[in-house]
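Fold and geometry: a report
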Amino acid sequence: MNASFDAEVSTLRHAAATATDTRHLAQERIVAAFRQQLQGEGPGPSDADLQSFARLVLVENALLKELGAAVVLAASRPLSDGARDRRAHGDEQSLPR
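In this text, all values refer to a predicted model and were calculated from it rather than measured experimentally. (Residues numbered from 1 in each chain as written. Predicted model: local features only at pLDDT ≥ 70, side-chain atom pairs only at ≥ 80, totals over all residues. Heavy atoms only, no water.)

**A closer look at the pattern of salt bridges**
In total, this model carries 1 salt bridge according to the counting rule given. With a shortest N-O distance of 2.6 Å, glutamate 60 and arginine 23 are connected by a salt bridge. In this pair, glutamate 60 is assigned in helix H2 (residues 47-76) and arginine 23 in helix H1 (residues 3-38), connecting sequence segments 37 residues apart. Accessibility assignment for this pair places glutamate 60 and arginine 23 in one class, buried. (Salt bridge = Lys/Arg side-chain N within 4 Å of Asp/Glu carboxyl O. Helix = DSSP H or I, 4+ residues; strand = E, 2+ residues; numbered from the N terminus. Buried < 20%, exposed > 50% of the residue type's maximum accessible area, 1.4 Å probe, protein only.)

**Digging into the packing of H1 against H2**
Contact geometry of H1 with H2 gives a least axis separation of 9 Å together with a crossing angle of 155°. On the basis of the axis angle, H1 is roughly antiparallel to H2. With respect to the hand of their crossing, H1 and H2 are arranged in left-handed fashion. Here the residues of the contact of H1 with H2 sort into 19 nonpolar, 3 polar and 5 charged. (Axes fitted to C-alpha atoms, helices over the stretch in contact; angles between N-to-C directions. Parallel < 35°, antiparallel > 145°, perpendicular 65-115°, else oblique. Left-handed = near helix turned anticlockwise from the far one by under 90°. Nonpolar A, V, L, I, M, F, W, Y, C, P; charged D, E, K, R; others polar.)

**Some words on H1**
An ideal rise of 1.5 Å per residue puts 52 Å on 36 residues; H1 measures up with 52 Å between its terminal C-alpha atoms. Against the buried residues of H1 lie H2. Glycine 40, located one to two residues past H1, shows a positive phi value of around 75°. (Expected span 1.5 Å × (residues − 1). Contact = heavy atoms within 4.5 Å.)

**Observations regarding H2**
The end-to-end C-alpha distance of H2, which contains 30 residues, comes to 44 Å, matching closely the 44 Å that a straight helix rising 1.5 Å per residue would cover. Turning to H2, its buried residues are Glu60, Leu67, Ala70, Val71 and Ala74. Where H2 is buried, its residues contact H1.

So far we have only geometry, and geometry alone does not tell us how the molecule works.
Listed below in structure tokens is the structure:
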């Protein structure tokens, strides 16, 4: 793989991880708001909170799909000598599941 493709895959990995973390935070806030509502301590999550959460899910899924496609493409490309050596020694990053 060339360096620019490696950088793109790395950026996609980082963006997907950030999107997942952000979605988890939003999900935790929504669950907490529902819990407060059930305990009679608040109105629950707003429509805007739920819509934002839905958008975060869409972005996360799109990034994971793009990352998956990039990983498949990377696996089908011939390896450079350095990449071949790293793979032989188990130094490559694990692929997403």
